[in-house]
Each structure stands twice: as C-alpha cells, then as structure tokens.
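So the chains spell out like this:
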Amino acid sequence: MVAKTCNETRVIRTSRIFPNDVNNHNTLFGGKLISDIDMLASISAVRHSRAECVTASIDSVDFLSPITPKDSVCIETFVTFTGTSSMEVIAKVIAENMMSGERKIAATAFLTFVALDQNGKPTKVPAIIPETEEEKKLYETGKDRAEKRKEHRKNSKEYARVLTTHKPWE
C-alpha cells in the first residue's frame, strides 16, 4: 500500500451564499455548512483510501466568524492523520467578502472516516505524508486527537446504554 501526500487528498470548493442558504440572522445556516463539509471531506477520504468510506465522527465544527450573503465560502479538506482503517480529515472554511476581497477562516472541523471493503468491513488505508508546515503540525497533533476521539466514543456508548428510546409524545 503506497503512502499518499495530504495534497493528493485535497478537495477545494468555492460557492456563493444565496438567500435560501441563510438563517433568520442572515448568516449561512450551520446545518447546510455541516452537510457541505461532510460531503467534501468524504471525497478526501475516498481519494486517500480508494475505498467506500463512512463518516465515523465529526469531532467539532467551530463556527469562528459569520458568513453572509456578501461572502463566498471556500471549503478545503484533506487527510491529516491515519489509523489502520480510519482517516482524520480537516475542513477549513474560508469566507471571502466578494467586494473587498478580505478573507478569513470562518469555521474549522475535524472528521473521521472509516474505509470499508467490498463486504462492508473496515479495511486498511495507506499512510499519509505531510509536506507543508500546516500539514506537519496537523499530522504531529493527530495522534492526540485520535486518542481523545476514542475516549469520547467510549463515553458516548456508555451514555447510549442509559438513554431511552421511548416516544415522549405518547
């Protein structure tokens, strides 16, 4: 299995913000952004693994700055760290004021995907090779994020045992 560079997994999409994309505050609806992030990050994961992939987790989406209809939104994703069958993908969301050209990081997110074989079972993925300073920093800190993710998942499974599935409206 041949290792790949972060750049080989990079996906970039820029789009405009239209009235049907905004919430009652006239800013980009967070749910739409999360959906777009997941879609683009999944392409990075498949590019890396060349296998079907499923989203295992979205660690967090940090909304750092509002995105308005005056902005374009550029989402950039790439694989930052790999496990045996899992891949961490970062999503950088860059808002650009279409009139002034001012650009800012508007949101970030880390997602984890698992590669699946033809039987729907986890399958090995290639290692990732960081090249730029940004990629190297993300790679170096990836193991720590993976360990925190594993602990969080364990806690989520414990919560699931005590949560009920009753229908509150009955």
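Residues numbered from 1 in each chain as written. Predicted model: local features only at pLDDT ≥ 70, side-chain atom pairs only at ≥ 80, totals over all residues. Heavy atoms only, no water.

How would you explain the sheet that holds strand β6 (residues 103-116) if you had to name every residue and give the values?
With antiparallel pairing, the five strands of this open sheet are ordered in space as β2-β4-β5-β6-β3. Two strands lie at the open edges of the sheet, namely β2 (11-16) and β3 (52-63), each paired on one side alone. Taken pair by pair, the neighbouring strands of this sheet meet at an average axis angle of 20 degrees, ignoring direction. Inspection of the sheet shows β3 paired to β6 by ten bridges, in the antiparallel sense. Within β6, the residue paired with Ile58 across the bridge is Leu111. (Pairing = 2+ DSSP bridges. Helix = DSSP H or I, 4+ residues; strand = E, 2+ residues; numbered from the N terminus. Axes fitted to C-alpha atoms, helices over the stretch in contact; angles between N-to-C directions.)

Please set out the side chain of Glu76 residue by residue, giving values where relevant.
In this structure, Glu76 sits in strand β4 (residues 71-82). For Glu76, a relative accessible area of 11% puts it in the buried group. Among the polar contacts listed, one links the side chain of Glu76 to the side chain of Arg10, at a separation of 2.4 Å. When near neighbours in sequence (up to four residues on either side) are disregarded, Glu76 contacts Arg10, Val11, Ile12, Ile90, Ala91 and Lys92. (Buried < 20%, exposed > 50% of the residue type's maximum accessible area, 1.4 Å probe, protein only. Polar contact = N/O pair within 3.5 Å; in protein donor to acceptor, adjacent residues only side chain to side chain. Contact = heavy atoms within 4.5 Å.)

Mind laying out the pattern of salt bridges, listing which residues take part and the relevant values?
In total, this model carries eleven salt bridges according to the counting rule given. Among the salt bridges present, the one from Glu135 reaches Arg10, with a minimum N-O distance of 2.5 Å. Separated by 125 residues along the polypeptide, Glu135 in helix α2 (residues 133-140) and Arg10 in the loop between β1 (4-5) and β2 bring together distant segments of the chain. Classification of Arg10 as buried rests on a relative accessible area of 16%. The salt bridge involving Lys148 is made with Asp144; its shortest N-O contact spans 3.2 Å. One end of the pair is Lys148 and the other is Asp144, both in helix α3 (residues 142-162) and four residues apart, which spans about a single turn. When its relative accessible area of 55% is taken as the criterion, Lys148 is described as exposed. Each member of the salt-bridge network shares a partner with another, and the members are Arg10, Glu76, Lys92, Glu134 and Glu135. (Salt bridge = Lys/Arg side-chain N within 4 Å of Asp/Glu carboxyl O.)

Describe the pairing of strand β5 (residues 86-97), naming the residues involved and giving the relevant values.
Within β5, nine of the twelve residues are buried, leaving the element largely enclosed by the surrounding structure. Relative to β5, β4 runs antiparallel, the two sharing eleven bridges. Of the residues in β5, the one forming a bridge with Val79 is Val89. Taken together, β4 and the strand that follows it, β5, pair antiparallel across an intervening segment of three residues. As paired strands, β5 and β6 are joined by eleven bridges and run antiparallel to one another. For Ala91, the partnering residue across the bridge sits in β6 and is Ala109. If you look at the hairpin formed by β5 and β6, you'll find five residues sitting between the two strands, and Gly101 has a positive phi there, around 85 degrees.

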